[in-house]
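Listed here are the chains, written in short residue letters.
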Amino acid sequence: MGLTNQSTGSAGVPKDIVIESKNDKEKVIAIAGNPNVGKSTVFNSLTGLKQHTGNWPGKTVENAQGEYEHRGVKFRLVDIPGTYSLMANSVEEEVARDFICFGNADAVIVVMDATCIERNLNLVLQILEVTRNVVVCVNLMDEAKRKGIQVDIDELSLQLGVPVVGTSARSGEGLNELMDEVYNISCHGKLTFYVKTDYGEEIESAIKNIQEHISPIIGDKIDTRFLSLRLLDIDEKLRESLSSYIGEDILKNEDALNKIKEELDNIEKSGINKEEIRDVIVLKIVQKAEKIYKQVVKVNNKEYNSRDRKIDKILTSKKTGIPIMILLLMGIFWLTITGANYPSELIASGLFWLQDRLTDMFNYFNAPSWLHGILVLGMYRTLAWVVSVMLPPMAIFFPLFTLLEDVGYLPRVAFNMDKMFKKAHAHGKQALTM
Amino acid sequence: MREKNLSLDKLPIGEKCVVKRILSDGRLRRRMMDLGIVYGTEIEAIQSSPSGDPVAYGIRGAVIAIRSEDAKKIIIRM
């Protein structure tokens, strides 16, 4: 056999990252979730400053890892890109899917938004189809309470068959319990009881038959039920990841290939064509999420939502949306520019006072004037200018911008600006970079 | 009751509807389904953006903005 992907160290297989940092004592925990559910707050509160960022191998997607210790065990937390699905619609989703399917993590934390359980369940269920070692973290419990949304954590845990912990990561609430559950699953092999989704008779029988066929080839490297399902609906990217992970291309195995074809034919005979298989898979998961949601969430206060809507209406309506946006952004720039003058002057006078003292010192030692020129008039003076001019505006602008982000105004800007940016073949999100 | 089949972009603001079919295929179709837009999903048109496009829809407890070119490919029943 020549050089395989494995022996050359193929790019794009996330397990590479883990192996390089993994030792026997350390547990690797993946942390996944939808975008904007406070995943990074959970990540930051668990790991503190012990983190480092880089890119996923071969991808322009940021990869953050951090460490923490709990009950004497070291945990390495790997931050998976925020996604709505594992179906690989984007590079982020591809990275997320590959790491969860092939990353060999000891456990996966899935972070959910307590105010948006139904949509978040989609990803949770998809991940549970791949691995049993899951701890669900229902974050933003404080916000849900404020909005009159009641989430029954115990019921959710019962429905999913895995530990579920309610947290408010911003105040640190529930994080200890979360770490306990992660510990139980990754160190004590605590059993979970998720019941896999039933995709209906035709697909189920195909899964069973393919599973029997590929189990001897795959062994226990990956959940064969999940793999069998995906083989019915495989795309090129998954095939690549799969073959570099398993070490051989399963679709080159003629036996397996024939079996898959045979099963696809059987399914088609029963009236579901190849395109519809994918729909059935997604539909079953969405329906399951809906069912669980209805048993777990109660909304007491409908008023709150209507207040939110009224505010949204003002921020994005035809008459007031754009003017408010312009005023708000101008206000921020004004604050940044004029507000920065005072600290700028202060810092400048302080630093230039120090420059005079430095000059005095150079004179005292009778230093040659060219040395004084390079070090004090050249290097020090430039540095002093840069610091006094640049630091205050940045120290004002970025916190203000973060504030806008935290109250959720930025998505509204993107919403307002989308049409304009679309004309430039971009989208509203890019307004924020400007 | 009279039933009308429309595409989602025709849904007036403030009105509710039920999804009948998604016409798009490939990635967009998956994306829509991942957001919970499948046969039978209830959708409410909440708010239009200043230029009229995109429109924010209430879908399964989340507010999601969809451009009219994409909304055209979702067939609904009011």
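Up top you'll find the structure we're talking about.
Concerning the pattern of salt bridges
In step 1: Summed over the entire model, instances satisfying the criterion amount to 22 salt bridges over all chains.
In step 2: Glu118(A) is paired through a salt bridge with Arg60(B); the nearest N and O atoms lie 2.5 Å apart. Of this pair, Glu118(A) sits in helix α5 (residues 117-130) while Arg60(B) sits in the loop between β4 (55-59) and β5 (62-66), on two different chains.
In step 3: Classification of Glu118(A) as buried rests on a relative accessible area of 10%.
In step 4: Here Glu143(A) makes a salt bridge to Arg170(A), at a shortest N to O gap of 3.5 Å. You can see Glu143(A) sitting in helix α6 (residues 141-146) and its partner Arg170(A) sitting in the loop between β8 (164-166) and α8 (175-188), a full 27 residues away along the chain.
In step 5: Since its relative accessible area comes to 58%, Arg170(A) is described here as exposed.
In step 6: Connected through salt bridges with shared partners, the residues Glu118(A), Glu290(A), Lys294(A) and Arg60(B) form a single ionic network.

Thoughts on the sheet that holds β4(B)
Residues and elements named next belong to chain B.
In step 1: Taken in spatial order, the six strands line up as β1-β6-β2-β3-β4-β5 in an open sheet, and their pairing is antiparallel. This sheet does not close on itself; its edge strands, each paired only once, are β1 (5-7) and β5. Geometrically, the sheet is characterised by an average inter-axis angle of 45° between neighbouring strands, direction not taken into account.
In step 2: In the sheet, strand β2 (residues 16-22) pairs with strand β6 (residues 74-77) via four bridges, with the strands oriented antiparallel.

Rules used throughout
Residues numbered from 1 in each chain as written. Chains lettered and ligands numbered in written order. Predicted model: local features only at pLDDT ≥ 70, side-chain atom pairs only at ≥ 80, totals over all residues. Heavy atoms only, no water. Salt bridge = Lys/Arg side-chain N within 4 Å of Asp/Glu carboxyl O. Helix = DSSP H or I, 4+ residues; strand = E, 2+ residues; numbered from the N terminus. Buried < 20%, exposed > 50% of the residue type's maximum accessible area, 1.4 Å probe, protein only. Pairing = 2+ DSSP bridges. Axes fitted to C-alpha atoms, helices over the stretch in contact; angles between N-to-C directions.

No statement about biological role is implied by the geometric values presented.
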